[in-house]
Amino acid sequence: MALFLSNQQYALLLIVISAATLLLDIAVSRRAESQAARFFSWMLRLMNLWMLGSAFEALSPNFASKFFWLRFKYFGVTLLPVVWFLFVWAYTRTVETLRRRFALLLVVPISTLLLIWTNGTAGLFWPSVSFQPLGSESYVLTTHGWWFTYIHTPYSYGLLLLGVIMLVRALWSHGGLTVKQVAAMLLAALIPLLTNVFYVFITDILSAEDPTPLTFALSILLLGWALFRGNLFEVAPIAYRTVLKHVSEGIMILDARQRVVEVNGVMAGRLGRSAQELIGKSTAELFAAYPNLLAQFSLAEPEVLDLEMANKICEVNLSTLKQSGSTPVGWVMMSRDITESKRREAKLTQLSLFDPLTEVLNRRGLEFRANQMLSLAKREAWSMALIYLDLDDFKSVNDRLGHAAGDQLLKRVAFILKEQMREADAVARLGGDEFVVLMSHTDAAKVAGVCSRIVLSLEQEKQSYPADLKVSASIGVAIYPQHGEVLKLLLNNADKAMYNAKDTSSSFRIYKESSSKNTGTDKTL
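Residues numbered from 1 in each chain as written. Predicted model: local features only at pLDDT ≥ 70, side-chain atom pairs only at ≥ 80, totals over all residues. Heavy atoms only, no water.

## A closer look at the overall build of the protein
Piece 1. Along the protein, the regular secondary structure elements total 20 helices and 13 strands.
Piece 2. The buried share of the protein, reckoned over its 525 residues, is 49%.
Piece 3. The long-range fraction of contacts in the protein, counting pairs at least 24 apart against all pairs at least 6 apart in sequence, stands at 61%.
Piece 4. Summed over all atoms, the accessible surface of the protein reaches about 26,100 Å², with 58% contributed by carbon and sulfur. (Helix = DSSP H or I, 4+ residues; strand = E, 2+ residues; numbered from the N terminus. Buried < 20%, exposed > 50% of the residue type's maximum accessible area, 1.4 Å probe, protein only. Contact = heavy atoms within 4.5 Å. Areas by Shrake-Rupley, 256 points an atom, 1.4 Å probe, with all protein chains shown as cover.)

## Topic: helix α4 (residues 74-92)
Piece 1. End to end, α4 covers 27 Å across 19 residues, agreeing with the expected 27 Å (1.5 Å per residue, within 8%).
Piece 2. Leu80 marks the point of greatest bend in α4, at about 40 degrees, and the proline Pro81 comes within the next four residues. (Expected span 1.5 Å × (residues − 1). Bend = angle between axes of the 7 residues up to and from the residue.)

## A closer look at the sheet that holds strand β7 (residues 328-337)
Piece 1. The antiparallel open sheet is built from 5 strands, whose spatial order is β4-β3-β7-β6-β5. In this open sheet, the two strands that pair with only one neighbour each are β4 (260-263) and β5 (304-309). Geometrically, the sheet is characterised by an average inter-axis angle of 25 degrees between neighbouring strands, direction not taken into account.
Piece 2. Sheet analysis places strand β6 (residues 312-322) next to β7, joined by 9 bridges and oriented antiparallel. Residue pairing for β7: Cys314 is matched across the bridge by Asp337. (Pairing = 2+ DSSP bridges. Axes fitted to C-alpha atoms, helices over the stretch in contact; angles between N-to-C directions.)

## As for the pattern of salt bridges
Piece 1. Taken as a whole and judged by the stated rule, the model has 10 salt bridges.
Piece 2. Lys73 serves as the salt-bridge partner of Glu57, at 3.2 Å between the closest nitrogen and oxygen. Note that Glu57 is positioned in helix α2 (residues 35-59) and Lys73 in the loop between α3 (63-72) and α4, a separation of 16 residues in sequence. The exposure classification of Glu57 matches that of Lys73, with both residues buried.
Piece 3. With its nearest N and O atoms 3.2 Å apart, the salt bridge here joins Asp355 to Arg429. Of this pair, Asp355 sits in the loop between α15 (339-353) and α16 (363-380) while Arg429 is found in strand β9 (residues 426-431), placing the two residues 74 residues apart along the sequence.
Piece 4. Judged by its relative accessible area of 11%, Asp355 is buried.
Piece 5. Salt bridges sharing common partners tie together Asp390, Asp392 and Lys502. (Salt bridge = Lys/Arg side-chain N within 4 Å of Asp/Glu carboxyl O.)

## A word on empty space enclosed by the protein
Piece 1. As enumerated under the stated definition, the model contains 2 cavities of 30 Å³ or more in all.
Piece 2. Every residue along the wall of the second largest cavity is listed here: Leu391, Asp392, Asp393, Phe394, Val397, Leu409, Lys470, Val471 and Ser472.
Piece 3. Its residues assigned to classes, the lining of the second largest cavity comprises 5 nonpolar, 1 polar and 3 charged. (1 Å grid on protein atoms, 1.4 Å probe; cavity = no way out; pocket = protein on both sides within 12 Å on 5 of 7 lines; lining within 4 Å. Points joined across faces, edges and corners; volume = space filled by probe spheres on them. Nonpolar A, V, L, I, M, F, W, Y, C, P; charged D, E, K, R; others polar.)

## Here we look at the packing of helix α17 (residues 394-401) against helix α18 (residues 403-420)
Piece 1. Packing of α17 against α18 brings their axes to within 6 Å, and their N-to-C directions diverge by 140 degrees. Considering the angle they form, α17 stands oblique to α18. Touching Phe394, Val397, Asn398 and Leu401 of α17 are His403, Ala405, Gly406, Leu409 and Leu410, all from α18.
Piece 2. Of the residues contributing to the contact of α17 with α18, the split by class is 6 nonpolar, 3 polar and no charged. (Parallel < 35°, antiparallel > 145°, perpendicular 65-115°, else oblique.)

## What about unusual backbone geometry?
Piece 1. A cis geometry characterises the amide bond from Tyr480 onward to Pro481, with omega recorded as 5 degrees.
Piece 2. When you line up the elements, Pro481 lands in the loop between β11 (472-480) and α20 (487-503).

## Considering the packing of aromatic side chains
Piece 1. A complete count under the given rule lists 18 aromatic pairs for this structure.
Piece 2. A ring pair is formed by Phe68 and Phe72, whose centres lie 6.5 Å apart and whose planes are at 20 degrees; its orientation type is stacked. Here Phe72 and Phe68 lie together in helix α3, a separation of 4 residues that amounts to about one turn.
Piece 3. Ring geometry for Phe68 and Trp117: centres 5.6 Å apart, planes at 80 degrees, overall edge-to-face. (Phe/Tyr/Trp six-rings, centres within 6.5 Å; stacked < 30°, edge-to-face > 60°.)

## Re α20
Piece 1. Over its 17 residues, α20 extends 24 Å from the first C-alpha to the last, a length consistent with the 24 Å expected when each residue adds 1.5 Å.
Piece 2. Buried residues belonging to α20 abut α16, β8 (384-392), β9, β10 (434-440), β11 and β12 (508-510).
Piece 3. Phi turns positive, to about 55 degrees, at Ser505, one or two residues after α20.

## A look at the packing of α4 against helix α6 (residues 107-118)
Piece 1. Packing of α4 against α6 leaves a shortest axis separation of 9 Å and a crossing angle of 170 degrees. When the axis of α4 is compared with that of α6, the two are roughly antiparallel. On α6, the residues touching Tyr74, Phe75, Thr78, Leu79 and Val82 of α4 are Pro109, Thr112, Leu113, Ile116 and Trp117.
Piece 2. By residue class, the composition of the contact of α4 with α6 is 8 nonpolar, 2 polar and no charged.

## Things to note about the pairing of β6
Piece 1. Pairing geometry for β5 and β6, over 6 bridges, is antiparallel. For Val304, the partnering residue across the bridge sits in β6 and is Asn317.

## Here we look at the environment of Arg169
Piece 1. You can see Arg169 is positioned in helix α7 (residues 146-173).
Piece 2. Residues Arg169 and Thr92 lie 77 residues apart in sequence; the distance between their C-alpha atoms is 9.2 Å.

## Comments concerning the nonpolar core
Piece 1. Core analysis: the biggest nonpolar cluster contains 61 residues, and Leu44, Tyr74, Trp84, Phe87 and Trp126 have the highest contact counts within it.
Piece 2. Looking at this core, the elements with two or more residues in it are α1 (7-31), α2, α3, α4, α6, α7, α8 (179-201) and α9 (212-228).
Piece 3. Counting 33 residues, the second largest nonpolar core, distinct from the first, contains Ala385, Ala414, Leu417 and Val450. (Core = buried A, V, L, I, M, F, W, Y, C linked by side-chain atoms within 4.5 Å.)

## Describing a nonpolar patch on the surface
Piece 1. A cluster of nonpolar side chains, Ile15, Phe56 and Leu59, forms an exposed patch at the surface whose accessible area comes to about 230 Å².
Piece 2. Here Ile15 shows up in helix α1.
Piece 3. Taking the relative accessible area as the measure of exposure, Ile15 reaches 35% and is therefore partly exposed. (Patch = residues over 30% accessible without salt bridge, like charges linked within 9 Å, V, L, I, M, F, W, Y side chains within 5 Å.)

## Considerations on the environment of Arg369
Piece 1. Mapped onto the fold, Arg369 is located in helix α16.
Piece 2. In this structure Arg369 comes out as partly exposed when scored by relative accessible area, which is 24%.
Piece 3. Along the primary structure Arg369 and Asp425 are separated by 56 residues, whereas in three dimensions their C-alpha atoms are 9.4 Å apart.

This is the structure we're talking about:
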């Protein structure tokens, strides 16, 4: 024969390839449960029917049994193009749109099978079927009827070519790591297709067995590589790209080596690159500002982190993709732009912790900041000071000049205090005309210098008001840890020192155990 193989050798090869196909089918069933994977398994099973039918046809000794197996293999021949098309559609697009039309795809294959098993010799599919012995071998010889030529063949080749075109488009537009999967599937389809075209339309079918089933061996090798080395079905089929394009959140799919397999336009935009540029890149390259990013997720509870991406704050969460065991085969990273919510949160924080008039801390903000500073001072063993300032006769300013002038004075006092403080210090308004300053890394001598500068600044501020209007302040100071280790005690002792300054007409006083012994400068405002 033209293949230089005896019927027995031809059949043996097909049985071996069939066994390999069965093993691949089992592997697919265990490794993946997607719709595309299920169509893929059915495609392998139909290939098996084709190969086994061809093998037993070659081994059969008489016309009746050969003709039976010839018709049997057409279960695979007629249905394989349909399942191939459904597989490619499910892998590159979505199978949902085909559910209502699925039955229509089966009309031609079922009609073909009915003709083959009922009136296959009546001229529609095979006008003639005969038994032809050639030396020690024998064959069933057929001629092609109009159904075979004008319905079955164009329909089958049309579905096969449509699947190839969809894969070519996916190969052209996708790129990156999954391009190897697509290329392997494309070759696995083209090799048997081209072989079958050559056999049906070019070779003398009276002198050769159909070589198409033998080429399935190469297809099985390519598909097996795509499954085991190309991670076919393990991360995500191309069909998910349709979903990725229509979601408002950024989505990135990573493989087991933390490389980008899929990414939608939203995530690409947040990373400042095109989707094509991101494919194949590692998280170490893309998130250089966040070393060991995936490890950081494992420490988060829950696994959500706030990352800065393209000058926006994004809430990013990570989901692990696993097989039946515990070894990750990939990750899905999703990002949501929370910039506006963070701004609103910051505004609410501003309202809850800051005084709206002077824009310094309010009483609640003071408590929050003081607890932070006291905790740090205790841990690192440094001193800090609490300065308590109360404006003298502030009511006169409101009564004579109006509340707008009083508010302006409060703003100026807040400004003066902030101007004298360092970044690590804190200024707060307790309410009314009372202010508190927290100074870190300081002592009594440094605090005295700061208080003197505050007094001088307020003295200059007095020039903006009528000469007979008293614009002054009394200041009390408590030092941590000598005068207290908690905010309440420091405030209480600074308040005592402040009233002692008022009573003695001093500019400021530093607290001592006995208020009668509190000392301060003799400068008055």
